[in-house]
Amino acid sequence: MQAFRRLYSTNLPHPALAARTASTPLAVRLRRRKRLGGTAPGETDARPSGLTPSEYTRYQRLLATGKLIKRNDDVVTELEFFERLYERRSRIRGLKTIHRDGKDVVKVLGQPIYLPNVIIRLVRNQTPPGQPYNPYEATFRVPRSVTKTDIRSYLMAVYGVQTTYIRTDNYISAIYPRIGHKRKAFKTYKRAVVGLVDPFYYPHRLEDMVEEKRQEREKWIEENYQIQQHRAIQKYELLRMTKGGSKGWNFKEPLATKRSHILRLVAERRGKREALVSGIVQQWQGQRERGEQISLQLDKKPSDSQ
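As the structure is a computational prediction, the values presented were derived from the model and not from experiment.

Caption draft 1: Spatial organisation of the overall build of the protein. Within the protein, the secondary structure is distributed over 9 helices and 8 strands. Looking at the 306 residues of the protein, the share that counts as buried comes to 23%. Summarising the internal contacts of the protein: among those between residues at least 6 apart in sequence, 53% fall at separations of at least 24. Surface exposure of the protein reaches about 23,900 Å², of which carbon and sulfur atoms provide 53%.

Structure below.
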């Protein structure tokens, strides 16, 4: 496991470093731009060793204070400092390896939690128009009580996902006057943008697919999940609960309340009316050609006053 972490920390691919640079907070980017100049899109401001400008400044400060000197009076190099830094960051929190009875045993620190009520949702990255999707980032919606340390340990321990950085921000729900000037708790969430070592391509949306691929995808989804069938059953149950009590009610079509079905019925009735009018017009034209008199008979209903 130690060699695996060392391999991860010393061989970050260039796209992962570029994604880390692009996701740097705005205040940090402005400060670096004044001091080091701008960075072109798709490039990274990391040093050859992998350290960011902030980490390199920290390395220089520790080196000047004499805190990076080994026992044999050698100085810790940038690469060694980078390895130490990311070895510590990439460790799984809550676990400790101890030596017991001549063997290395992994011990769980703290109190174990069984069946935790924590929901972490993977969502699509925020991609500006005209820019490609960044596969070296993943966006999650997490509870507000979850920290960056929890997210890093969760992804590594459960899925084996290696991370390079984690940015978090909180969205606070708006105040709704209709409910007494209160906030909706279920609309308040925390977003976590996680940098990835290995690229992850989020499945394409149906709107982004070509027609053939979209039809294949919709067919596969319907065969495996029956979404349209479930919606039809839901509509049927809603209609049955609202109108099923009347004796003369009959549900003729599963999608009777669908907008397309209503428009089809209106089009059929309009076609019948236009066909009837055109038939009467042709009949009158034939009577005029033969010299016959056209008479209109209107059925008048007697009024209540008579």
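Caption draft 2: Examining the packing of helix 4 (residues 53–64) against helix 5 (residues 78–89) more closely. It is at 11 Å that the axes of helix 4 and helix 5 come closest, and there the two elements cross at 115 degrees. Looking at the two axes, helix 4 sits roughly perpendicular to helix 5. With respect to the hand of their crossing, helix 4 and helix 5 are arranged in right-handed fashion. Residue-level inspection shows Glu55, Tyr56, Arg58, Tyr59 and Leu62 of helix 4 in contact with helix 5, the latter providing Glu78, Phe81, Leu85, Tyr86 and Arg89. Counted by class, the contact of helix 4 with helix 5 contains 6 nonpolar, no polar and 4 charged residues.

Caption draft 3: Representation of helix 2 (residues 14–22) in the model. Among the residues of helix 2, those classed as buried are Ala16, Leu17, Ala18, Ala19, Arg20 and Thr21. Along its buried surface, helix 2 packs onto helix 3 (26–36), helix 4, helix 5, strand 4 (137–142), strand 5 (163–171) and strand 8 (189–196).

Caption draft 4: Quick look at the pattern of salt bridges. In this structure the tally under the stated criterion is 7 salt bridges. One salt bridge connects Glu80 with Lys70, and the closest N-O pair in it is separated by 3.0 Å. Of the two residues, Glu80 is situated in helix 5 and Lys70 in the loop between helix 4 and helix 5; the sequence distance between them amounts to 10 residues. Note on Glu80: relative accessible area 26%, which makes it partly exposed. On the accessibility criterion, Lys70 (29% relative accessible area) is partly exposed. Residues Glu268 and Arg264 are paired through a salt bridge, measuring 3.2 Å at the closest nitrogen-oxygen approach. You can see Glu268 and its partner Arg264 sitting in helix 9 (residues 259–289), 4 residues apart, about one turn around the helix.

Caption draft 5: Quick peek at the pairing of strand 1 (residues 95–100). Pairing of strand 1 with strand 2 (residues 103–108), which is carried by 6 bridges, proceeds in the antiparallel orientation. Note on strand 2: the bridge partner recorded for Thr97 is Val106. The antiparallel pairing of strand 1 with strand 2 creates a hairpin that spans 2 residues between the two strands, and Asp101 there sits at a positive phi of about 55 degrees.

Caption draft 6: Inspection of the sheet that holds strand 5 at higher detail. Pairing is antiparallel across the open sheet formed by 4 strands, whose spatial order is 3-4-8-5. Each having just a single partner strand, strand 3 (121–123) and strand 5 make up the two edges of the open sheet. Going across the sheet, the axis of each strand differs from the next one's by a mean of 30 degrees, ignoring polarity. By the bridge criterion, 6 bridges tie strand 4 to strand 8 in an arrangement that is antiparallel. Paired with Arg141 across the strands is Arg191, a residue of strand 8. Most of the contacts of helix 6 (residues 148–159) go to strand 5, to which it runs at about 135 degrees, and overall it touches strand 4, strand 5 and strand 8.

Caption draft 7: Structural context of the nonpolar core. Leu12, Leu17, Leu51, Tyr59, Leu62, Leu68, Val76, Phe81, Phe82, Leu85, Tyr86 and Val197 together form the largest nonpolar core, which totals 12 residues. Contributions of two or more residues to this core are made by helix 4 and helix 5. Considering each element in turn, this core owes the most residues, 4 residues, to helix 5. In contact with Leu62, other than residues within four places in its own chain, are Lys67, Leu68 and Phe81. Grouped together as the second largest cluster of nonpolar side chains are 10 residues, Ala138, Val142, Val146 and Val194 included.

Caption draft 8: Here's a closer look at the environment of Ala19. By secondary structure assignment, the location of Ala19 is in helix 2. Judged by its relative accessible area of 4%, Ala19 is buried. Along the backbone, Ala19 and Leu196 are 177 residues apart, and their C-alpha atoms lie at a distance of 8.7 Å. With sequence-adjacent residues up to four places away left out, Ala19 is seen in contact with Asn134, Tyr136, Glu137 and Tyr165.

Caption draft 9: Molecular detail of a nonpolar patch on the surface. Taken together, the side chains of Leu276, Ile280, Trp284 and Leu296 present a nonpolar region at the surface, about 400 Å² in accessible area. Considering the arrangement of structural elements, one finds Ile280 in helix 9. A relative accessible area of 33% means that Ile280 is categorised as partly exposed.

Caption draft 10: Looking closely at the confidence of the model for the protein. Per-residue pLDDT for the protein has a mean of 81; in total, 88% of the residues score no lower than 70. The spread of mean pLDDT over the elements of the protein runs between helix 1 (residues 2–10), the lowest at 36, and strand 4, the highest at 93. Counted against residues more than four places away or in other chains, residues 1–10, with its pLDDT under 50, gives 20 contacts.

So, how was this worked out
Residue indices begin from 1 for each chain and proceed along its sequence in written order. Residue-level local features of this predicted model are given only where pLDDT is at least 70; pairs of side-chain atoms are given and counted only at 80 or more, and the full residue set underlies all totals for whole chains, interfaces and linings. Based on all heavy atoms of the structure, the side-chain values leave hydrogens and waters out of the count. Starting at the N terminus, helices and strands are each numbered in turn, a helix being any DSSP run of H or I of at least four residues and a strand any DSSP run of E of at least two. Relative accessibility decides the category of a residue: with a 1.4 Å probe and only protein chains considered, values under 20% of the type maximum give buried, values over 50% give exposed, and everything between is partly exposed. Between two residues, a contact is recorded if the distance between any of their heavy atoms is within 4.5 Å. Per-residue and other accessible areas were derived by the Shrake-Rupley procedure at a 1.4 Å probe size, with only the shown protein chains allowed to occlude residues. Axis lines are fitted to C-alpha atoms, over the contacting stretch for helices. Their N-to-C directions set the angle, which ranges from 0 to 180 degrees. An angle below 35 degrees is read as roughly parallel, one above 145 as roughly antiparallel, one from 65 to 115 as roughly perpendicular, and any other as oblique. Crossing chirality is assigned from the near helix's rotation relative to the far helix, an anticlockwise turn below a right angle marking it left-handed and a clockwise turn marking it right-handed. Throughout, the ten residues Ala, Val, Leu, Ile, Met, Phe, Trp, Tyr, Cys and Pro are labelled nonpolar, Asp, Glu, Lys and Arg are labelled charged, and all others, Gly among them, are labelled polar. A pair is scored as a salt bridge if a Lys or Arg side-chain nitrogen falls within 4 Å of a carboxyl oxygen belonging to Asp or Glu. Strand pairing is assigned whenever DSSP detects at least two bridges linking the two strands. Only buried residues count toward a nonpolar core. Its members are Ala, Val, Leu, Ile, Met, Phe, Trp, Tyr and Cys residues joined through side-chain atoms within 4.5 Å. Patches here are clusters of residues that have more than 30% relative accessible area and form no salt bridge, with a 9 Å joining cutoff for like charges and a 5 Å cutoff for nonpolar side chains (Val, Leu, Ile, Met, Phe, Trp, Tyr). The predictor reports its confidence for every residue as pLDDT, a score running from 0 up to 100.

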